Amino acid sequence: MGIKDLANNVFVPSTATDDVAMSSPTNEGSDKLRRAFSAVLLQISRDLDKDEQKEFRFYCDGLIPREDKGFLKILRSLEHADLISWADVKFLKEALRAIKRLDLAKLLTTFEVRRDLTILLDFYSRKRLELDLPYVSPSMKTTARHLLTVVTENESERCRFDIARMRTLVESKRNIQEIFEEEVDVRSGLKSSWSKLTMLVIIAGEIIVAAQASRSDEIRRNEMLEQCFSLADKLSSRMLDLGSWDDFCEHVEERCSEVWGQQEECNSSNSVVADVVRQLRESPFFL
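Residues numbered from 1 in each chain as written. Predicted model: local features only at pLDDT ≥ 70, side-chain atom pairs only at ≥ 80, totals over all residues. Heavy atoms only, no water.

(A) Quick look at the overall build of the chain. Helix and strand counts for the chain stand at 12 helices and two strands. Starting at the N terminus, the α and β elements of the chain follow one another as β-β-α-α-α-α-α-α-α-α-α-α-α-α. Expressed as a percentage of the 287 residues in the chain, the buried residues total 50%. Restricting the contact set of the chain to residue pairs at least 6 apart, pairs at least 24 apart contribute 69%. By element, 47% of the accessible surface of the chain is carried by carbon and sulfur atoms, the whole surface being about 14200 Å². (Helix = DSSP H or I, 4+ residues; strand = E, 2+ residues; numbered from the N terminus. Buried < 20%, exposed > 50% of the residue type's maximum accessible area, 1.4 Å probe, protein only. Contact = heavy atoms within 4.5 Å. Areas by Shrake-Rupley, 256 points an atom, 1.4 Å probe, with all protein chains shown as cover.)

This is the structure:
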């Protein structure tokens, strides 16, 4: 299934073909994503009838032991052969497409987007909190760096996030992400759906930062990944409606290339929610 670093107990996929798939979050993150992937495998196993399972087994002929009969055993053998893992689902998607189960291949695409958003939010929030950073792929690091630039590199101090104010807001409202979504969708003035999504990804990262800023290390380890995973789940459906993870990264890259070095002052706001959205809205990235 891959190589396990015994010193750090961090899963590192050994044959991943996707640059993003080479990202490896913390121990807790790897365990969380591995369990989520196992849940997807169970759903696939339940949804395939016997004939489809036979076709799947035929597609994998020569790659796994012939004595493997049960479908879950076949999946486990594919993991042991480094052909599938939570970090690399390419082969499994190809197999499902080959047997005409495009719906289940799409299920894996949904998992991939949620996985990548989880890793991105984890890296983003750890960077903001000046915590130890997990290894992430160069493309993931570049996207996170661009998002951090939108928040931290404004010349005007009024444009920068105040973590204390965000923390007060997070502690006072449990449905804070939904409130921000309405603010961004209805009142931000943004026309680009990709820019709206990008702003919501940044806001999700800042919600995590605000929630974890005053936590002890032990509590932070237990809560942080859960927050990343939960917020990624809410954002993944929006991303899939617009396109793909690669489309998102390309949008962020293109906008940062267009506005690099340009700065603009932000306006103040009486509403904390509106103020946060407006601060991001007036970043050159979203113009």
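(B) Structural context of the packing of aromatic side chains. Counting across every chain of the model gives five aromatic pairs. Taking the centre distance of 5.7 Å and the plane angle of 45° together, the rings of Trp-245 and Phe-248 count as tilted. Residue Trp-245 and its partner Phe-248 are both found in helix α11 (residues 245-259); the two are separated by three residues, about one turn of the helix. With relative accessibility at 6%, the residue Trp-245 sits in the buried group. (Phe/Tyr/Trp six-rings, centres within 6.5 Å; stacked < 30°, edge-to-face > 60°.)

(C) Inspection of unusual backbone geometry at higher detail. Although it is not a glycine, Asp-82 adopts a positive phi angle of roughly 60°. Summarising the element assignment, Asp-82 is placed in the loop between α3 (71-80) and α4 (90-98). Among the residues examined, Asp-82 registers a relative accessible area of 23% and is labelled partly exposed. We note that Glu-130 has phi near 60°; this positive angle belongs to a residue other than glycine. Following the sequence through the fold, Glu-130 ends up in the loop between α5 (102-128) and α6 (138-152). With a relative accessible area of 72%, Glu-130 lands in the exposed category.

(D) Quick look at the environment of Glu-79. You can see Glu-79 is positioned in helix α3. The sequence separation of Glu-79 and Ile-64 amounts to 15 residues, and the corresponding C-alpha distance is 9.9 Å. At a separation of 2.5 Å, a polar atom in the side chain of Glu-79 contacts the side chain of Arg-76. (Polar contact = N/O pair within 3.5 Å; in protein donor to acceptor, adjacent residues only side chain to side chain.)

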